[in-house]
Structure formats: C-alpha cells, structure tokens
Amino acid sequence: MSEVENRPPVIDYEGSDYQQAFWEHGGREYEDQAEGIALRRLLPAAGRLMLELGAGAGRNTLRYQGFDRIVVLDYSFTQLQQAQARLGRVDRYIYVAADAYRLPFVPSLFDAATMIRVLHHMAEPEKVLRQVRQALQPCGLFILEFASKHNLKAILRYSLGRQEWSPFTPEPVEFVHLNYDFHPAQVRRWLGETGFRVERQLTVSHFRLDALKRAVPMGMLLKLESLAQLTGDWWQLSPSVFVAARAVGETALAPGRGIFRCPECEHFPLDETPQECVCPACGLRWALIDGIYDFRQPVGSNA
Ligand SMILES: C[S@@+](CC[C@H](N)C(=O)[O-])C[C@H]1O[C@@H](n2cnc3c(N)ncnc32)[C@H](O)[C@@H]1O
C-alpha cells in the first residue's frame, strides 16, 4: 500500500453549505451560543498566534479576539473561501487548506489551538492530537470539543434496550460513516498519551432537544446551560464536551523564521514566493491561491 493510500480518510466538505444549512437555517442558535459561553470561559484574555483546526466557514473565529493572529485551517478549500468572505483577506488571518493529520507548521509555533466539532470526523484521533501537540509551544493551550457517547439520551436509550452500542465502554461509536462519538475518559486518556494535561472540562449543549428549545425562552435556556456547564469536571452527561488541556513535556524549539514546514518530508523553513511555498529538501511546491495556502496536494516538484 502506498503512503497516500495509508493515510487516514478525510471527510469531504468541499462545496458543502454546512454553515448555512446547519447553523444559519438549522435552528441552532442555542448550540452556537452555548459554545460561545464555553469558549469565553476557556480562552485566555490575550495571545499571540492561534491555530483553529477545522475552522469551516469561520463560525467561531471572531470569538478569538484576544489573539494577534489566527491561522484558519480546514481541509476544504470552499469552507475557507466562505471564512475569508466572512473575516476578510487581512494580515490578521492566515488561511491554510491542509489535512489535520499532516500539519504544515514548524514545531512549537502556536501559543494556543482550538478544534471544535472536528474530532468527531477523526478515525485516528491520537494521530491528530500528536500533530497538534507538536505545533504547540511548551505550556500551549489546546481547547478541544468532542461529541460524547456518554450522554444522557444514549444512556437512557441503552438502558431501555433501544440502542445496541454501550455508552459506557471506551471504544468510539461510528454512527454514520466518518462520524464518531467518543467516551470522555478515552479522550482524556488519549490527551495524556499525546503530551497534554487536562486542566478543565465543560459539558455543553445540555438542552439540545427541539421540544425544550421551543418551550423555554432562549435567554432562560442559556442561563441554565451556563450553570450546567460548570459541572463538567465532576461528570459528563451532555452530548458535547469542551476540554482545556495544556501541552506538557519536551518540545522542540521554534526555529524563529517562517511558519510553514513541508507536510510531506517535514523540512522547514520553506522558500516562499507570492505564488507558492517550495520545500528546499524534497522540492515539492505548494500553491498560494487567492490568499489561501494549499498544503493538501503539491502543485509540482522542483526535484
Ligand atoms: C462539522 S464542521 C465544523 C466547522 C467549525 N469548526 C464549526 O464548528 O463551525 C467540520 C470541519 O472539519 C473539517 N475537517 C474534517 N476533517 C479534517 C481534516 N482531516 N483536516 C482538516 N480539516 C478537517 C471539515 O472540512 C469541516 O469544515
């Protein structure tokens, strides 16, 4: 099997209207605001460089106001075009099309990273977590959201015999192709094994039920949600969990010049022109198109 065939599969959001269909016309104001509350609690007041993994159309990016610069990364080029239309083609945002399993950044670059509603598409979560750890500085902050299989609805359904898979066991459940729910204890274990220390957990979207969202005024629902989130370090029974984790252990020093490395051979720094980045080691050329760096496939080779 070739190296390319060996890579973990990536879900395809190219051309998707996810932002419009799911968020803007999908009746998900409560879920969006609940995530906003969690992020305000977990984000530092200020920072230098943030990496947003699987940013999609940039729904959360404006919430990272305290950071000087933000790398907005997604595998889908069209999602990044939507993010660019929302946030602007300005210095503050660096748009990068890349696979989270093969990050194109020099080690120890970022002081913080977020990954929200993305881990649930990962067939090999540990591989991604290792990449994120490598990209973070020592003591860097990682805010990770994941979909939890250990939620109240799944527990009730399982107890009543209406669901075959157990919400109590550590293995992920793939409920739709490339859509996984994880056990919170297993995610904590993976974080520990990949060089993170969990500092805080918030349970999120406790009241994700259409009937409740219709019956209870939004302001009231969000007040209750805000309180319920604070129980996250004691128990996790919500469908979504936010974890704030700190990078621990040995970290290579950032080289201090350039931000990109070659996703193929991991050499850095790359030679940059206004049209492309070129790897001086393996010769692969990576395009820069309309303000978006594309590190998914090389456009050619100088080798
Ligand atoms: C459910 S959307 C979430 C988008 C955004 N984080 C939000 O919460 O609005 C998942 C995003 O993850 C991206 N994604 C999935 N697998 C990826 C991978 N291997 N590398 C980079 N991005 C990925 C998809 O392209 C998609 O935009």
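Just above sits the structure.
Residues numbered from 1 in each chain as written. Predicted model: local features only at pLDDT ≥ 70, side-chain atom pairs only at ≥ 80, totals over all residues.

1. Quick word on the environment of Glu14
Here comes step 1: Take Glu14: it is sitting in the segment before α1 (18-24).
Here comes step 2: Distance in space between the C-alpha atoms of Glu14 and Tyr75 is 8.3 Å, their sequence separation being 61 residues.
Here comes step 3: Excluding residues within four positions of it along the chain, Glu14 makes contact with Ser76, Phe77 and Thr78. (Helix = DSSP H or I, 4+ residues; strand = E, 2+ residues; numbered from the N terminus. Contact = placed C-beta atoms within 7 Å.)

2. Quick notes on the nonpolar core
Here comes step 1: Val72, Ala113, Val132, Ala135 and Phe142 are the most contacted members of the largest nonpolar core, which totals 68 residues.
Here comes step 2: Top contributing element to this core by residue count: strand β5 (residues 136-147), with seven residues.
Here comes step 3: Beyond its immediate sequence surroundings of up to four residues, Phe142 is in contact with Ala113, Val132, Leu136, Phe196, Ala245 and Ala247. (Core = buried A, V, L, I, M, F, W, Y, C linked by C-beta atoms within 7 Å. Buried ≥ 20, exposed ≤ 12 C-beta atoms within 10 Å, placed from the backbone.)

3. Digging into the site of the ligand
Here comes step 1: Around the ligand sit 20 residues, and of these Tyr13, Gly54, Gly56, Tyr75 and Ala100 come closest.
Here comes step 2: Residue composition of the shell around the ligand, grouped by class: ten nonpolar, six polar and four charged. (Near = placed C-beta within 6 Å. Nonpolar A, V, L, I, M, F, W, Y, C, P; charged D, E, K, R; others polar.)

4. Considering helix α3 (residues 77-87)
Here comes step 1: Burial in α3 covers these residues: Gln79, Leu80, Gln82 and Ala83. When α3 is viewed along its axis, its buried side chains cluster within an angular range of 155° and face the same direction.
Here comes step 2: Contact partners of the buried residues in α3: α1, β2 (67-74), β3 (93-97) and β13 (292-294).
Here comes step 3: Gly88 sits one or two positions beyond α3 and adopts a positive phi of about 100°. (Arc of directions from axis to C-beta.)

5. Quick notes on the pairing of strand β1 (residues 47-53)
Here comes step 1: By the bridge criterion, six bridges tie β1 to β2 in an arrangement that is parallel. Among the inter-strand pairings, Leu51 is bridged to a residue of β2, identified as Val71.
Here comes step 2: In terms of strand pairing, β1 meets strand β4 (residues 110-115) through four bridges, oriented parallel. Bridging across to β4, Met50 finds its partner in Ala112. (Pairing = 2+ DSSP bridges.)

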